[in-house]
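Breakdown of the fold
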Amino acid sequence: MPERGIRMIISRRNFLKTSAAAIALISTGGVIRAFDQGAFSTGKGPAYEPWQSWNEEDIDSDTNPLFRFVKASILASNAHNTQPWLYRIRENEIDLYTDISRNIGTMDPYFREMNISLGCAIENLDLAANASSYESKVTLYPGGFEQIHVANITLTPGVMTSPDLYHVIGKRHTDRAAYDSDKQVEPATLQQMEKLSSEFPDVKVAWFTDADKKTEVGNLIIHATEAIIGDQSQSGDSHKWNRHDWDELQRHKDGISIDASGNSEMIRFFGKVLPDSVKSFNDYWLKMTKSPQVSTASVFGMLLVRNQRDRTQLMQAGRLWQRMHLWAVTNGLAAQPLNQLHERRDRELQLGIEPLFGKAIEKLVNAPGYEGLFTFRMGYPTGQALASPRRPAEEVLLTHH
Ligand SMILES: Cc1cc2nc3c(=O)[nH]c(=O)nc-3n(C[C@H](O)[C@H](O)[C@H](O)COP(=O)(O)O)c2cc1C
């Protein structure tokens, strides 16, 4: 019997001891489906392997030493876990390209999220290079869809910097569960985090901490979620990236899975055996957004840029988000982007309809010369967020060295 099979059966036995409901499930034949959906295999298999090996020294001496920076880069935060990146490694430089086929359609009509995601990947790459004593020169390229070459990172031997953030690259996971309502994030912590933006002149952070503002932001996020659900194209495009079937997840190594949903072990188990439909997913998404996601947020924040039509500013914002999330991890904080507001703002623009959410964002931002780009929540965690799938670095290289 293969090793995976043995482990699955052991964990199944443990689970059954504690769950009369599971016995009922087995008696109805649901256990076969449970195996298919990976209900016993959280965080295992090839789709999760990149989280284990990302900082191992390469044994093969023929491998370009820069390759391991790509292994760190692909663990970055990215919209809907689409991983819209391709890399080319050369002697002393790495080029980053967008894989525009991995877009989220009407959820991201102007590639706002795609470009932020690329910025997140650049930040991990840069941190990994600096932690290996390389000095990096990052050049971000402006341009539209027709220019898929988005960045160049030139590396020269230098001094080691930022090891703290580098070391938690493999521990950073989006936390969609409840945050600790008894422990609020201190203003001093927010101020410290805000300082991370000093390197990015076009990006700023806005915090929403008092009760009224939090209610306003929270309600807008919930209304935007409802608006997405009411828009068949948007919810259909979003749903394409939900991975329900375990084999599909292991094959694609991308998308959103129930394990990353922030649910308890029990709910995740049953979630995996629920029928997969847009309606059931949407019901569940709205419920989770209301509570615990909005209801237990200690603070909401928004990244602002001067001009969101400028791709380089979106990538700068992505770099900052990745850095903030890593910093949050080193300080025991949990984080989750909540971009429904912006997804609706972009959709309104695309359809030419009344800019309800566009106007609401403008009102919230209240910072002349800046536009709201990306909303998130933070707080202290109540559990451990789980890893999401990744395509390994080898699969996203344009050339092998
Ligand atoms: C631009 C952008 C937008 C995102 N929007 C959301 C969101 O609205 N809701 C959410 O739960 N996660 C959101 N995320 C988080 C991603 O879904 C997450 O990073 C991805 O699934 C990979 O998981 P990981 O962060 O745990 O590695 C966003 C991330 C980025 C970079």
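Residues numbered from 1 in each chain as written. Predicted model: local features only at pLDDT ≥ 70, side-chain atom pairs only at ≥ 80, totals over all residues. Heavy atoms only, no water.

**Some details on the sheet that holds strand β3 (residues 134-140)**
Strand pairing in a sheet takes place through backbone hydrogen bonds and is either antiparallel or parallel in direction. As summarised here, the arrangement of the four strands in space is β1-β2-β4-β3, forming an open sheet in which the pairing is antiparallel. Among the strands making up the open sheet, the edge pair consists of β1 (85-89) and β3. Across the sheet, the mean angle separating the axes of adjacent strands is 20° when strand polarity is ignored. By the bridge criterion, five bridges tie β1 to strand β2 (residues 93-98) in an arrangement that is antiparallel. Among the inter-strand pairings, Tyr87 is bridged to a residue of β2, identified as Leu96. (Pairing = 2+ DSSP bridges. Helix = DSSP H or I, 4+ residues; strand = E, 2+ residues; numbered from the N terminus. Axes fitted to C-alpha atoms, helices over the stretch in contact; angles between N-to-C directions.)

**Some thoughts on the packing of aromatic side chains**
For the coordinates displayed, the defined rule picks out nine aromatic pairs. Between the aromatic rings of Phe281 and Trp285, the centroid separation amounts to 6.4 Å while the plane-to-plane angle is 25°, which identifies the pairing as stacked. Taken together, the positions of Phe281 and Trp285, both in helix α13 (residues 278-294) and four residues apart, correspond to about one turn of that helix. In this arrangement the basic side chain of Lys183 is found over the ring face of Tyr380, its NZ or CZ atom lying 4.1 Å from the centre. The residue whose ring lies beneath Arg377 is Tyr179, and the NZ or CZ to ring-centre distance is 3.6 Å. (Phe/Tyr/Trp six-rings, centres within 6.5 Å; stacked < 30°, edge-to-face > 60°. Lys NZ or Arg CZ within 6 Å of the ring centre and 35° of its normal.)

**Considering the side chain of Asp126**
In this structure, Asp126 sits in helix α6 (residues 112-131). Overall, the relative accessible area of 8% leaves Asp126 in the buried class. The residues touching Asp126, leaving out its near neighbours within four places in the chain, are Ser136, Val138 and Arg319. (Buried < 20%, exposed > 50% of the residue type's maximum accessible area, 1.4 Å probe, protein only. Contact = heavy atoms within 4.5 Å.)

**Considering the site of the ligand**
Lining the immediate environment of the ligand, one finds 22 residues, of which Thr174, Arg176, Gln336, Asn339 and Arg390 sit closest. Side-chain polar atom of Ser77 to an oxygen atom of the ligand: 3.0 Å apart, as the coordinates give it. In this structure, Arg172 approaches the ligand through a side-chain N or O atom, which is 2.8 Å from an oxygen atom. When the free accessible area of the ligand is taken as 620 Å², the share hidden by the protein chains comes to 94%. Where the shell around the ligand is concerned, the elements lending two or more residues are α6 and β9 (334-337). Per-element accounting of the shell around the ligand gives the leading share, three residues, to α6. Grouping the amino acids of the shell around the ligand by side-chain chemistry returns seven nonpolar, eleven polar and four charged. (Near = heavy atom within 4 Å. Polar contact = N/O pair within 3.5 Å; in protein donor to acceptor, adjacent residues only side chain to side chain. Areas by Shrake-Rupley, 256 points an atom, 1.4 Å probe, with all protein chains shown as cover. Nonpolar A, V, L, I, M, F, W, Y, C, P; charged D, E, K, R; others polar.)

**Structural notes on the sheet that holds strand β10 (residues 371-379)**
Overall, antiparallel pairing links the four strands, which are arranged β5-β8-β10-β9 in an open sheet. Pairing within the sheet leaves two strands with one partner each, and these edge strands are β5 (203-208) and β9. With strand direction ignored, the average angle separating the axes of adjacent strands in the sheet is 30°. Pairing analysis gives six bridges linking β5 to strand β8 (residues 299-305), with the strands arranged antiparallel. Note that in β8 the partner of Trp207 across the bridge is Gly301. Of the strands in this sheet, β5, β8, β9 and β10 touch helix α14 (residues 311-330), which is tilted by about 10° from β10.

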